[in-house]
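This is what each chain is made of:
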Amino acid sequence: MANEKKHDYTVCMGDVEGSGICLRLILLEEYDERTMELARPIYDRHRRVLLAAGRKIHPKYVERLKQMDIRYVFVEDSVSEGITLEELLDMPSWMDAIEVVQQSFDAVRKREQLPLRSLFKLAVKLVDEVKKRKVLAVIPATSLEMEAQPYAHAVNVALLSLQLGKKLHLNDLQLRDVALGSLFHDIGKEIEGEAHHTVKGFEYLRKERELSLLCAHMAYQHHEHADGSGTPRGLKETDIHLYAQICAIANEYENLISAEFVPPHEALEIIMARSGIRYSQQLVRLFVDTIPAYLPGTMVKMSDGRNAIVTKIVEHMQRPYVRYTDTHEEIALADHPSLLIVGQAIL
């Protein structure tokens, strides 16, 4: 599947790791040693640098990264210039969040006390990050090695859930619980036993007095479906807690873009196709209005037959600014209602 997907997101970063450098997030299979170099370091789960920025990735290292299940990398090349994605959570903050989740999962496996203080601080920070941004793009979990991916997935699901929670006008305390429940939605996978991970997660979390019982229900119900075809209890939409429904959509979207390498616009189409079946129609509509289909740096085909690159998203998630590759003219699609993105262009 990875070879069939062609998607990249170009960003001109201003954070510590790459000030003033234009970057694209690409699938590893798209890496071209002749024209690209690594723009951000590649880390292991201990935050040690596996490959430093500013270097070519030798073919033997490409194969090694594939063996580690690293599927996305940030590269610098000449494809685009001056494109900014300020909504992308900076790498240090993302890695800090992943580290807290890893410590928590380790504690569960070892039957030790949860680092609740760190977890609550993280939840508040994630809420603040989402509240101050009009759009927030997540870095696919598979940009890290396999052992770190479950923790990155949890952080990404929390960020995505919070965006939907903000769209629903949840208050800060409610958003905090959504964040915590999302971070722990798969915690049952760390617990021994034959029961489904949703059941194990519920039984563990409901005993944590410092956590809201709603966090436990998010773990319990995030694989339930609106039509009653889900697991473990076959609940229907009206019986599934709102927070669990939010988490379910965020969980599938993150799995699609990270584990299955599906471009964001196709992932949203899959979510929409399951509206009223797996997910609430209202929540799907809100999620689509919240998550950008084409991130800045994505090469797209326009309805007028020309190619363009997405440059920024200001207000409208599905109507970004684009710059034509032939004339370099930049336009806001919101001001041109008859002009549409009809697909992704291949370089």
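Residues numbered from 1 in each chain as written. Predicted model: local features only at pLDDT ≥ 70, side-chain atom pairs only at ≥ 80, totals over all residues. Heavy atoms only, no water.

(A) Spotlight on helix H6 (residues 197–205). Among the nine residues that make up H6, seven are buried, leaving the element largely enclosed by the rest of the structure. Along H6, the residues classified as buried are His197, Thr198, Lys200, Gly201, Phe202, Tyr204 and Leu205. Those residues of H6 hidden inside the fold are in contact with helix H2 (91–109) and helix H7 (213–221). (Buried < 20%, exposed > 50% of the residue type's maximum accessible area, 1.4 Å probe, protein only. Helix = DSSP H or I, 4+ residues; strand = E, 2+ residues; numbered from the N terminus. Contact = heavy atoms within 4.5 Å.)

(B) Focus on the packing of helix H8 (residues 242–258) against helix H10 (residues 281–290). Between H8 and H10, the least distance of the axes is 11 Å, while the angle of their chain directions is 50°. Judged by the angle between their axes, H8 and H10 are oblique. Judged by the twist between their axes, the crossing of H8 over H10 is right-handed. Across from Leu242, Gln245, Ile246, Ile249, Ala250 and Tyr253 in H8, the residues of H10 making contact are Leu283, Val284 and Phe287. In terms of residue class, the contact of H8 with H10 is made up of eight nonpolar, one polar and no charged. (Axes fitted to C-alpha atoms, helices over the stretch in contact; angles between N-to-C directions. Parallel < 35°, antiparallel > 145°, perpendicular 65-115°, else oblique. Left-handed = near helix turned anticlockwise from the far one by under 90°. Nonpolar A, V, L, I, M, F, W, Y, C, P; charged D, E, K, R; others polar.)

(C) Broad picture of the sheet that holds strand E8 (residues 307–312). Across the sheet, five strands lie side by side as E10-E9-E8-E7-E11; this open sheet has antiparallel pairing. Each edge of the open sheet carries a strand with a single partner, namely strand E10 (330–332) and strand E11 (341–344). Direction aside, the axes of adjacent strands within the sheet are offset by 40° on average. Sheet topology note: the E8/strand E9 (residues 321–324) ladder contains four bridges and is antiparallel. Bridging from a neighbouring strand, Ile309 pairs with Arg323 of E9. (Pairing = 2+ DSSP bridges.)

(D) Main features of the pattern of salt bridges. Enumeration over the complete set of coordinates arrives at 18 salt bridges. The residue Asp106 makes a salt bridge to Arg109 at a minimum N-O spacing of 2.0 Å. Linking Asp106 with Arg109, this pair stays in helix H2, spanning three residues, or about one helical turn. Salt-bridge contacts for Lys132 lead to Glu129; the nearest nitrogen and oxygen are separated by 3.9 Å. (Salt bridge = Lys/Arg side-chain N within 4 Å of Asp/Glu carboxyl O.)

(E) View of empty space enclosed by the protein. Going through the model one piece at a time under the given rule, you end up with four cavities of 30 Å³ or more. Surrounding the largest cavity, 14 residues form its lining, Val138, Tyr253, Ile257, Pro264 and Leu295 being those nearest its centre. (1 Å grid on protein atoms, 1.4 Å probe; cavity = no way out; pocket = protein on both sides within 12 Å on 5 of 7 lines; lining within 4 Å. Points joined across faces, edges and corners; volume = space filled by probe spheres on them.)

(F) Local environment of the confidence of the model for the protein chain. Counting all residues, the mean pLDDT for the protein chain is 91, and 93% of those residues have values of 70 or more. In this model, residues 13–19 is a region of pLDDT below 50 whose contacts with residues beyond four sequence positions or in other chains number 17 contacts. (pLDDT = per-residue confidence, 0-100.)

(G) Structural detail: unusual backbone geometry. The linkage connecting Thr231 with the following residue, Pro232, adopts the cis geometry, with an omega of 10°. Topologically, Pro232 is positioned in the loop between H7 and H8. Even without being glycine, His169 reaches a positive phi, approximately 65°. Note on placement: His169 falls in the loop between helix H4 (149–167) and helix H5 (172–183). The exposure class assigned to His169 is exposed, which follows from its relative accessible area of 72%. A positive phi angle, near 60°, is found at Phe261, a position not held by glycine.

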